[in-house]
Every structure is written in structure tokens, then in C-alpha cells.
Amino acid sequence: MTGYLLNRLLISGATFLVIITAVFFMIRAAPGGPFDGDRRLPPEVEANLLAAYDLDQPPGRQYLNYLGMLARGDLGPSFKQKDFTVNELIASGLPVSLGVGLTALLLAVLGGVGIGVQAGLSPGSFSDAALMGAANLGLALPSIVLAPLAVLVFAVWLGWLPAGGVGSPAHFILPPLALALPFVTAIARLTRGSVAETLLEPHVMTAHAKGLPHRRIVFRHILPIALLPVLSFLGPAAAALLTGSVVIEQVFELPGIGRYFVQAALNRDYTLVMGVVVVYAAFILMFNLLVDLCYARLDPRIRVAD
Amino acid sequence: MPFFRTALTGTLLARLCSVWILLTLVGAGFGAAWSGWDPEAIDWEALEAAPDAAHWFGTDLIGRDLFARVMLGARVSLTAALIATTVSILIGVPYGAFAGLRGGRTDQLMMRIVDVLYAVPFILVVILLMVVFGREPLLFFLALGAIYWLDIARIVRGQTLVIREQAYIEAARTLGAGRLRILLRHVVPNVAGPALVYATLTIPAVILAESFISFLGLGIQEPDTSWGVLIADGTRTMESAPWTLFFPALFLGLTVWCFNMLGDRLRDQYDRQTRGYTRNIASESAARG
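Keep in mind that this is a model prediction, so the values were computed, not measured.

Our focus in this paragraph is the overall build of chain B. Scanning chain B from N- to C-terminus turns up 11 helices and zero strands. Counting helices and strands in the order they occur from the N terminus, chain B gives α-α-α-α-α-α-α-α-α-α-α. With the principal axes as the frame, chain B shows a C-alpha extent of 80 × 45 × 30 Å. Here chain B, with 289 residues, has 53% of them falling under the buried criterion. Considering only contacts within chain B whose residues lie at least 6 apart along the sequence, 71% involve residues at least 24 apart. Surface summary for chain B: the accessible area is close to 13,200 Å², and the carbon and sulfur share equals 64%. Averaging the positions of the 23 positive and the 23 negative side-chain charges in chain B gives two centres separated by 19 Å.

Here we take up unusual backbone geometry. Although it is not a glycine, A:Glu253 sits at a positive phi angle of roughly 50 degrees. When you line up the elements, A:Glu253 lands in the loop between helix 10 (228-251) and helix 11 (257-267).

Contacts between the two partners involve 36 residues from chain B and, on the opposite side, 42 residues from chain A. For the chain B and chain A pair, buried surface summed over both sides reaches about 3,400 Å², with 81% attributable to carbon and sulfur atoms. Between chain B and chain A we count one salt bridge in total. With a shortest N-O distance of 2.8 Å, B:Asp264 and A:Arg189 are connected by a salt bridge. Joining chain B to chain A, the criterion identifies two residue pairs in polar contact (both at pLDDT 80 or more). At the level of elements, helix 4 (104-118), helix 5 (122-133), helix 9 (179-215), helix 10 (227-237) and helix 11 (243-288) of chain B are the ones that each hand at least two residues to the side of chain B that touches chain A. The element that contributes the greatest number of residues to the side of chain B that touches chain A is helix 11 of chain B, accounting for nine residues. Looking at the side of chain B that touches chain A, its residues break down into 27 nonpolar, five polar and four charged.

Each pair of packed helices gets described by two things: the angle between the helix axes and the distance between those axes. All names here are of chain A. Where helix 7 (residues 174-199) contacts helix 10, the two axes come as close as 10 Å, and the packing angle between them is 155 degrees. The angle between helix 7 and helix 10 falls in the class roughly antiparallel. Along this stretch, helix 7 crosses helix 10, giving a crossing that reads as right-handed. Residue-level inspection shows Pro-175, Ala-178, Leu-179, Phe-183, Ala-186, Ile-187, Leu-190, Thr-191 and Ser-194 of helix 7 in contact with helix 10, the latter providing Pro-229, Val-230, Phe-233, Leu-234, Ala-237, Ala-240, Leu-241, Gly-244, Ser-245 and Ile-248. Among the residues forming the contact of helix 7 with helix 10, the class breakdown is 15 nonpolar, four polar and no charged.

Residue and element names in this part refer to chain B. When the pLDDT values of chain B are averaged, the result is 81; 92% of them are 70 or greater. Within chain B, helix 3 (residues 66-102) carries the highest mean pLDDT (89), whereas helix 11 carries the lowest (71). pLDDT under 50 marks residues 276-289. Its contacts with residues more than four places away, or in other chains, come to five contacts. Both scores are given for the predicted complex: the pTM is 0.83, the ipTM 0.79.

All names here are of chain A. Nonpolar side chains collect at one region of the surface, where Val-153, Phe-154, Trp-157, Leu-158 and Trp-160 lie side by side and expose about 540 Å² of accessible area between them. Looking at where Trp-160 falls in the secondary structure, it is placed in the loop between helix 6 (143-157) and helix 7. Judged by relative accessible area, Trp-160 falls into the exposed class, the value being 63%.

Three- or four-residue spacings in an α-helix give side chains the same orientation, since the helix completes a turn every 3.6 residues. Residues and elements named next belong to chain A. For helix 3 (residues 59-71), spanning 13 residues, the distance from its first C-alpha to its last is 18 Å, which sits close to the expected 18 Å at 1.5 Å a residue. All of the buried residues in helix 3 are Gln-62, Tyr-63, Tyr-66 and Leu-70. One side of helix 3 holds all its buried residues, which, seen down the axis, span an arc of 100 degrees. Opposite the packed face of helix 3, turned more than 90 degrees from it, sit the exposed residues Leu-64 and Ala-71. Phi turns positive one or two residues past the end of helix 3, at Gly-73, with a value near 80 degrees.

Looking now at the packing of helix 5 (residues 126-137) of chain A against helix 7 of chain A. Residue and element names in this part refer to chain A. Packing of helix 5 against helix 7 leaves a shortest axis separation of 9 Å and a crossing angle of 145 degrees. Between helix 5 and helix 7 lies a crossing of left-handed hand. Together, Asp-128, Met-132, Ala-135 and Asn-136 of helix 5 and Thr-185, Ala-188, Arg-189 and Arg-192 of helix 7 make up the contact between the two elements. Among the residues making up the contact of helix 5 with helix 7, the classes are represented as three nonpolar, two polar and three charged.

Our next topic: the pattern of salt bridges. All names here are of chain A. What the rule picks out here adds up to six salt bridges over all chains. In this structure, the salt-bridge partner of Asp-292 is Arg-8, at a minimum N-O distance of 2.8 Å. In this pair, Asp-292 sits in helix 12 (residues 270-298) while Arg-8 sits in helix 1 (residues 2-28), placing the two residues 284 residues apart along the sequence. With respect to burial, Asp-292 and Arg-8 carry one shared label: buried. With a closest N to O distance of 2.9 Å, Arg-192 and Asp-128 form a salt bridge.

Conventions and cut-offs
Residues numbered from 1 in each chain as written. Chains lettered and ligands numbered in written order. Predicted model: local features only at pLDDT ≥ 70, side-chain atom pairs only at ≥ 80, totals over all residues. Heavy atoms only, no water. Helix = DSSP H or I, 4+ residues; strand = E, 2+ residues; numbered from the N terminus. Buried < 20%, exposed > 50% of the residue type's maximum accessible area, 1.4 Å probe, protein only. Contact = heavy atoms within 4.5 Å. Areas by Shrake-Rupley, 256 points an atom, 1.4 Å probe, with all protein chains shown as cover. Lys, Arg positive; Asp, Glu negative; His and termini not counted. Charge placed at Lys NZ, Arg CZ, Asp CG, Glu CD. Buried area = accessible area lost by both parts, 1.4 Å probe. Salt bridge = Lys/Arg side-chain N within 4 Å of Asp/Glu carboxyl O. Polar contact = N/O pair within 3.5 Å; in protein donor to acceptor, adjacent residues only side chain to side chain. Nonpolar A, V, L, I, M, F, W, Y, C, P; charged D, E, K, R; others polar. Axes fitted to C-alpha atoms, helices over the stretch in contact; angles between N-to-C directions. Parallel < 35°, antiparallel > 145°, perpendicular 65-115°, else oblique. Left-handed = near helix turned anticlockwise from the far one by under 90°. pLDDT = per-residue confidence, 0-100. Patch = residues over 30% accessible without salt bridge, like charges linked within 9 Å, V, L, I, M, F, W, Y side chains within 5 Å. Expected span 1.5 Å × (residues − 1). Arc of directions from axis to C-beta.

This is how it looks when you write it as C-alpha cells:
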């Protein structure tokens, strides 16, 4: 298993480097620089400005410098938000994004697995049809539809919850819910199919034949197998959840790093864009590693492999 | 084809979904003309007007007919779906077929790359592409297609693993057919079915991704529009004019939902049909030793 983990760690590191390299050169391939919009500057001032932001060097040199800074944990100064470093901006935005994202992930897993298991254990029953019917409705409510509608209904019409911003716990009810719901649907569908399929496995039949209690069969013989596909779905789901949070932060006016990303992309704030990508990529890859680790713990085929 | 006919019209729900998609397609084609309003024309008499006989879906903040704009949005969203899904098939099918046919290390490496790519937040990459290369709609749609080929590549590779054990592939090889010929003449036509079935599930994913990026103001630009742009506009005016949010959201939600439902049916039916088929192949090859 050590070999397996080492292998995964290596692949994650390589992926991280590829993502960073691709994004670094892509934004520099753009026509127009970060200071084009500002008023015309005397050549000496402009030269100083470029030097201050390391833009007077050839791109290869800039890239190496950037990697060096990154290795020291420094994401550089923001090009547009003067007086702020990217580290400061991300430090202020990350807690908001993480709070919303992790709550949503937890809600999605609990809700999705709960619904999926309940429906999958009695396929074809009334509760199966009712639960999955409700879950399938979620397919019609992607975040860009759900989030504005939630604001309209619960904030504007009913006035129960604030429409956006931060400040009180009440501000953090709608955003994670709106972010999680589409994933509840996805996880419920996946879980239901997987549970229903596992029910037909010979070893489950054997367990029944031995006269084991229902609860034990479900928790010991069905779920550990049926939930493996759900576990591996969590990796891609984390990536999708992050992109979803960009919309959620926009709609609910949350000062998270997703909003920084959109604004920075529009302003060509190179360092801030890079910074957000670095943080996102690091989180997603770490999360994927964690998923792989759990998978290796649960799946004996991997445990035994070496 | 009876296969598609049962999947698309087999139950009441499937029929309703098919009808909705058909209507949306027709609306995308001619809808803007029916309403009698140009999607960009401003009706100064009716700024932010509620739905009535003249403006079926009401008007937006600056008095443009919302029905005409939702139909124009349908055209853009569905065009995006068509182009991007085609691109995803053009990448995914050869990739998966090649990996499956080659087998061994090449196959493992190629599939490992697919696994890794699943974890990349591609929507952010598309956003960067848009910013870097300008908001060119065609480039936008192509880029969307370039991120949705992973599922198709996986399916095709799985099918190819089955197909390559078949007698006719062996026969072709014995007759001296080259690898490329086997790939193009014998493998690709046989994996086209499952690829098409799974592509129906790519359509709603692409529609969503397009509207998502346009919603953020990074995709389709005014005066052109898409459902995502309309929902973003609607979000800004929803307090005084809820219909500006409601109609585009309804169209996006229902269309995506219907495509998902039909795609699911197609896939389930296909799986049921082929499970027997694959099992036969497996026992055949086992019998041959």
C-alpha cells in the first residue's frame, strides 16, 4: 500500500505542476498587460513598475522566479489591488469559501447517501419512487437557477433570511444549501444504483441465508461495497463544488476567493488569478489524495496488491 | 430505430420530455420571429412590463421583449450543446478506442491521464481561455467540448476491450489489416452506439456549463444572449420584475432536466440490451479458450 500511496503522491505533484505551468503561460499569452487600462505613464516610471512586478524579465525567467516564490509560500503582490499581497487577499477570502464549501460537501454527502441508501434498499417500492422522484427534481435546479430563486423566495418575498453578505450565522444558511442541493441529487442517484446492484450479490444472499439480522447485513455486507463508487465520485465532486461556489459567492455577495477569481480574470490581475488557481488546485489534489487513501483502506484489492 | 423510439416515447414522462425539447428546438429556430418583436428592439412604452398579450413573457429592464430573448438564448444554448458535444465525441471516441485497442501500458497510461483530468476544475480553465483569447462564441463552444470528452473516452475504451477479442477483429488482423484500418473500420463503427447514447448526457452538462460561464459575465456577450446571461440579468431585476428571472430559469431548468431524463432512459435501455450481449461474448471467448 505504501507503493500505491507514493505513486498517487507523485501523480498529484506532477498534476499540480502541470496546472500551474499551463495557467502561468496562458495568462501571459493574452494580448494586453495588467497596466494597459491605467493612464499613460512616463517610460521610466513604467519600467520601474514592470521591474517591481517582475514583468521586465523574459517569461521563462518569470516562471522560475514564480516557482521559487511559491516554494517559499509567497504568492506575490496583487497587480490591481495595490497595497495588498495575494497572500493577504486569499487569507481573507479563504475562510468564507472553505466554510461554505465544506458545509455544502457535508450536507451533500449526508443527504445524498441517506436518500440513496433508503431508496436503493427497496428498489421499485413506493419510497424508492418518491425519494428518487424528489432527488431527480434537483437535476432541474442547477446552482445558477437555485441560488437566485432561493434569494427571491426566502430573502425578498418571505424575508426570513438575509439576501447576501456576511455578518451573522443567518448569512450562512442559504449559500451552503444552494450549493449542496445539486450534489445531493448526484450522490443520491449514484448511491441508489450502487446499493440496488449490491443487493443482488451472492454474498448478500449468503448473509441472508445465514440468518444475520437485517441491520448487520446492511452495515457490514452492503454499504462498504456499495459506497465505494460514491467515495471515488467525491474527488471530481470536490472540483465541481469549487466551481459551483464561484456562482454562489457571486449571487450571495460573499467575499470568498471565487469572486476574486472572476474579478481578477476580468482585470488581468495575473498574480491573483495564479494565486487562486494554486489554492484551488492544492485543495482539490489534497482532497483527491484523501479519497484515494480512504479507498485504499476500504478496498482489500488495493491493500493486498503490494 | 426502435431502440431510440422506445427510449424517447416509451412512457408519458419520456413523451413529455421529448415534446418539450422539440418545442424548444422549434422555438430556437423560429421563436424570435413569432413574437413579432426583434430581440434587440426596445419598446419604450413597456419598460420592465409584466407578461401580457403584447409581450408574452414581459419585457426586461430596458424594454426588450423577453420571449424573443429567451428564444434567442435557446438558439445560443442549443448551438453550444451541439458543437461541444460533437467535439467531445470527436476527441473521446478515437482516444478511448485507441487506448482499448492498444491495451497494456499505453492503455493504462492513457486512462490514468483521464483519471487525473477528472480532478481538474476545467470550468476555471475555460474562463481563463475566454479572458485570454477574447469572448469568441465559437472558441467558447469548442473549449466546452474539449472538457467533456472524458466520460465518452471511458465508455468507448470499455467497449473496445470487449470488441477487440471478437473473431472479426482477429480475422481482419489475419488478413493483414493495419492498426489504423482496424481502428477506423472495425472498432469505431461498433462503439458509435454507446458513444451516442452517452453523448445525450453530455448535452445537458454542456448547456449548464455554458450558462454557468455566461452567468458570470465571462461567456456570451450583449447584445447576443444565452439563458445564463438572461438569468444573470434576471437576478439583478428580480425584486421589481420576477418574470425576468422566472422564464429563463424555467427554460434552462426544464430543458436540462428533460435531456437528463431521456439520456438516463437511453443509457439504462442500452445497458440492459448489451449486458446480455457482453455476457455472450465473454462466454464465447471463454469457450474458445
